[in-house]
Amino acid sequence: MTSKGNSIIDRFTQSAIAVTAAVKVINKEQLLSEKEEHNFKFISSEILQQFDQHYIGKEGVDEALVEVNHAIAETGTVVLECSNEQVRTATCVAEHLYVIVKASSLVECSHDIVDFMAENTQNQGGYIAFISGPSRTADIERVLTVGAHGPRELTIFIVSDL
Amino acid sequence: MSIHDKIRTKIEDDVLYKNLKNFASSYKQSKANVYKGHDFETLRKRVYDLKDRDINKVMEQFHRFKDNAEKSGATVYQARTGEDACNYIAEVMKKHNSKYMVKSKSMTSEEIQLNHRLEAKGLSPIETDLGEWILQIGDEHPSHMVMPAIHKTRQQVAKLFSDYTGKTVDPDDIKGMVEIARQYLRDDYFKAGVGMTGANIAVAETGTIGLVTNEGNARLSSTVPPVHIVLVGYEKLCDNFSEAMDIVKVLPKSATGQNITSYVTWIKGQNPSHKNETGVKETHYVFVDNGRLAFFEHPEFKEALKCIRCGSCANICPAYEMVGGHVYGDRYIGSIGLILTALYQGDADAQDILKMCIGCRACSFNCPSGIDLQKMISNLKMVVGQKYGINSVKKQVFNKVIAKPDRMKSLMGLGSTFQFPMTKTNKFNKEKIIASVPMLSGEKDFRHFPALSKKSFTKMFNNQIRPLANPKKKVFFYPGCAVEYMYPEIGLAMARLLHKHGVQVDIPSRSVCCGLPAIAAGDPENARTMIHKNLDEMKSPADYDAFLVVCPTCGGAIKHEFLDFTREDPDRYKLSKQIGEKLMPMGQFLEQLNLKFRVKGGRSVTYHTPCHNTRSMDYSAEDLLKNVLGEQFKPLTDSNVCCGFGGTYSLDFAPISNGILNKKIEHIEDTQADIVITDCPGCVMQINGGLMYKGVEKKVMHLSSFIENELEVVPS
Ligand code: SF4
Ligand code: SF4
């Protein structure tokens, strides 16, 4: 699945690295062991069948793991439907955010998910986050600094066999 | 403080100078990189088209948005004025007993002076964007749309933070300062009863807003507090997500040279909120009119409502780069700032700052929404010029001299005779210059001026250039004032070259100014007179293979402004159109002749691209020179950035003109080239004048003289 040089995963990985995210291409089994190795204080994932429902306050949390809906190769972006408030808060205040994305849900560019966008904002509410790399600012003397208000690090697990 | 005093203070600010200069050059680079592989023209055409609409369309989009938002339980409020919007927001805060409101960056809130108005009511809005927070603590206004605190140094920020927190702050630890903001503001998100954001995009299809940010503060402001207020201008509406993605594609690229920002957040209606007793967030959309809706009906001003607030038109503006945003007032800045100030605050507020535009057109070519900003600025200048009057000396000069070709001719003749005692020869290049210009001291004295030519171009041409017996081609050449009175050699060199190769050159029987100086000064009446006189002097385009210029500024005027000023006059309009179609810079015509050149000497050469070459005439001589010169050609950094001339601009705004010129000279010196070529007599005057003044020994030549003196034609 890796290495042919120009698969969509490679294109995504390149773009994601350009926005200082880390990318790991793993299979489902490896994902399970990643989960064991880390001490995630918040998990929301269909693959892992775990949907934590606790609120995280202003103190934040070291590591959170969240499964996203899509990933966009052109910009290295992950796309997360997060009208669920707990998921939204966790992804805002985690120091290190880990996300899971199925290889099959990668798309080339943002125009490829306009139907997804419309469907998920059709009803009562809707909150979709495009996340590309960690939170950053260049507001002091234009020096790029990560970890402005949100996560200081972003790691993306691409699950190659799903 | 007068505008000139404000400019002076800013130009003397070394920190600002350094920050803006570094930013401008790194921005240009990252923007060029990030657009690589994309066709900028196609992308911006899409944004232009989707924003091209009338009031009916916008209101239709608004109602669709409103229906969708209301169906989801949100409230949509239409604020007629800024004050109205502020009052509404204050009421929401009071209803929820919330003294504090965390807000993410919103230009519209600056426009309506929200913070100021809320504070007057005893409420406390808290800016959460780092740059905005710094300014709020320091009680200042943003000086840039995207980087509000670009004028501040790390030391200044450290001082502010240390006063605010009561702790010592290390000015060299920028990460540490960001950390301070993170900690303090984290508390604020959780203490505020209301969160406010702007909206970069409002999608009518489902009633969803889009926010483009880097820091993550907009996500927190819209997530943590139990109430969310969205402040948005009607111009942000679009039909559907496909259009929204068209905007997202260009906005970060043009704003900061990023492919994408860290966050693009899409929010629809009322989402769960455990801090709200109902369990769902209370959401208010405040749509602000504040004058914009009226402009949707204006054929020209509606263009300004296509702006997506990327800030690019400030980033590439040479005048902005010299003075920064504060001179533009306290709201919108950069090229679009000149326009929006006139539209939203009134032309009285805008009349002075509009004049800061040198007319280089860089903004028009950079805008990701395809707005022809320079043209709007130029038209607004004429509006304020007529309403408030233009400088009375200028008016007299246009009225009594420049618009009257014969008077201009005799006056210039007198000038060239009487200047003699005041001219001298510049040491190293032996060029005749004016020794000292009376009344031109202090900041206006930063370059040498060329002496007026003893004989006018027209006279010399008629003496020297004989009609050809059997010309292969015929061209009509428009010399323009600079060639006519100061640099006849530029025109003569071209004429000799063309005659040698069988091209007959004809010229107007009398020389009339192209009218652009009057337009730039905001004097449409005299501009019209000059343009009409000019057209009356032109020969029939049917008799010529091409119309040529050696001054792209005149060329641009003929191609574009002549049409604008002949709209009510079908014959002259038709003539302008026909001439415009055949008009080109002399270099382009030479390329079409397919002459093969080779260089005679071994001197190295660099090239400054005149603003109006690429931007008004769609031509640059760079390829021609590169091909002929090979290794001897030394590319100039920012070759197509303005040299700061702009005609009388360089006297009216001498400190800005001088500053821009200094940067040009710095880049020229970096090339270590022996010869500087450009193909506009105005640029020659500015660059050569500056180099001579500074004693930098480089030869500045117009392309025509360079070709005549330094190149030879390879026999085919
Ligand atoms: S006018 Fe164009 S370049 Fe200027 S801020 Fe608006 S969109 Fe950007
Ligand atoms: S035309 Fe040039 S000087 Fe004028 S606003 Fe645009 S970029 Fe600035």
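Thresholds applied
- Residues numbered from 1 in each chain as written.
- Chains lettered and ligands numbered in written order.
- Predicted model: local features only at pLDDT ≥ 70, side-chain atom pairs only at ≥ 80, totals over all residues.
- Heavy atoms only, no water.
- Pairing = 2+ DSSP bridges.
- Helix = DSSP H or I, 4+ residues; strand = E, 2+ residues; numbered from the N terminus.
- Axes fitted to C-alpha atoms, helices over the stretch in contact; angles between N-to-C directions.
- Contact = heavy atoms within 4.5 Å.
- Buried area = accessible area lost by both parts, 1.4 Å probe.
- Salt bridge = Lys/Arg side-chain N within 4 Å of Asp/Glu carboxyl O.
- Domains from an automatic or database assignment.
- Nonpolar A, V, L, I, M, F, W, Y, C, P; charged D, E, K, R; others polar.
- 1 Å grid on protein atoms, 1.4 Å probe; cavity = no way out; pocket = protein on both sides within 12 Å on 5 of 7 lines; lining within 4 Å.
- Points joined across faces, edges and corners; volume = space filled by probe spheres on them.
- Buried < 20%, exposed > 50% of the residue type's maximum accessible area, 1.4 Å probe, protein only.
- Arc of directions from axis to C-beta.
- Near = heavy atom within 4 Å.
- Sits in = over half its atoms within 2 Å of the grid points.
- Core = buried A, V, L, I, M, F, W, Y, C linked by side-chain atoms within 4.5 Å.

**Re the sheet that holds strand β13 (residues 473-478) of chain B**
Residue and element names in this part refer to chain B. The strand order across the open sheet formed by 4 strands is β14-β13-β15-β16, and the pairing between neighbours is parallel. If you trace the sheet from one side to the other, it starts and ends with β14 (503-506) and β16 (583-585), each paired once. If you compare each strand with its neighbour and ignore which way they point, the axes differ by 35° on average. Across 3 bridges, the pairing between strand β15 (residues 546-549) and β16 is parallel. If you follow F547 over to β16, its bridge partner there is L583.

**Structural notes on the interface of chain A and chain B**
Taken together, the contacts link 54 residues of chain A with 70 residues of chain B. Surface buried jointly by chain A and chain B totals about 5,100 Å² across both partners, of which 52% is contributed by carbon and sulfur atoms. By the criterion of area lost to chain B, the three top residues of chain A are D139, I140 and H149 of chain A, representing 16% of everything that side buries. Counting every contact that joins chain A to chain B gives 5 salt bridges.

**Section: the domain arrangement of chain B**
Residue and element names in this part refer to chain B. The domains assigned to chain B are domain 1 (1-34 + 311-388), domain 2 (43-293), domain 3 (406-590) and domain 4 (593-713). Spacing between the C-alpha centres of domain 1 and domain 2 amounts to 24 Å. Taking both sides of the interface into account, the surface hidden between domain 1 and domain 2 amounts to around 2,600 Å²; carbon and sulfur atoms contribute 59%. One can count 0 salt bridges joining domain 1 with domain 2. For the side of domain 1 that touches domain 2, the element with the most residues is helix α2 (residues 14-34), which contributes 9 residues. In terms of residue class, the side of domain 1 that touches domain 2 is made up of 15 nonpolar, 11 polar and 3 charged.

**Remarks on the pairing of strand β2 (residues 100-103) of chain B**
Residue and element names in this part refer to chain B. Of the pairings in the sheet, the one linking β2 to strand β3 (residues 124-127) comprises 4 bridges and is parallel in character. Paired with M101 across the two strands is P125, which belongs to β3. Where β2 lies against strand β4 (residues 194-197), 3 bridges are found, and the strand directions are parallel. Of the residues in β4, the one forming a bridge with V102 is G195.

**Let's talk about the layout of surface pockets**
As a volume, the second largest pocket reaches approximately 1,200 Å³. Lining the second largest pocket are 50 residues; nearest its centre among them are V146, N214, T256, Q258 and T261 of chain B. For the lining of the second largest pocket, the elements supplying multiple residues, two or more each, are α1 (8-18) and β10 (136-137) of chain A together with α2, α6 (107-111), β6 (208-213), α11 (217-223) and α12 (241-256) of chain B. Per-class residue counts for the lining of the second largest pocket are 20 nonpolar, 19 polar and 11 charged. Mapped onto the domain boundaries, the lining of the second largest pocket takes at least three residues apiece from domain 1 (1-34 + 311-388) and domain 2 (43-293) of chain B.

**Some details on helix α3 (residues 40-50) of chain B**
At 3.6 residues per turn, the α-helix brings residues three or four places apart onto the same side. Residue and element names in this part refer to chain B. Within the sequence span of α3, burial applies to F40, L43, R44, V47 and L50. Along the long axis of α3, the arc covered by the buried residues comes to 125°, so they all point the same way. Lining the buried residues of α3 we find β8 (237-238), α12 and α18 (362-366).

**Quick word on the site of ligand 2**
Residue and element names in this part refer to chain B. Around ligand 2, the neighbouring residues are C317, P318, S335, C357, I358, G359, C360, R361, C363, Q374 and I377. Judged by the fraction of its atoms near the pocket grid, ligand 2 is located in the largest cavity. Here the residues of the shell around ligand 2 sort into 7 nonpolar, 3 polar and 1 charged.

**Overview of the nonpolar core**
The nonpolar side chains of a soluble globular protein tend to be buried with one another. Counting 166 residues, the largest nonpolar core has F130 and I156 of chain A together with F161, W266, M356 and I656 of chain B as the members making the most contacts within it. Per-element tally for this core: the top contributor is α12 of chain B, with 8 residues. Apart from the residues lying within four places of it in its own chain, the contact partners of I656 of chain B are I7, I11, A319, M322, V323, M356 and Y649 of chain B. By size, the runner-up hydrophobic cluster in this structure holds 92 residues, among which are A518, A527, M530 and M701 of chain B.

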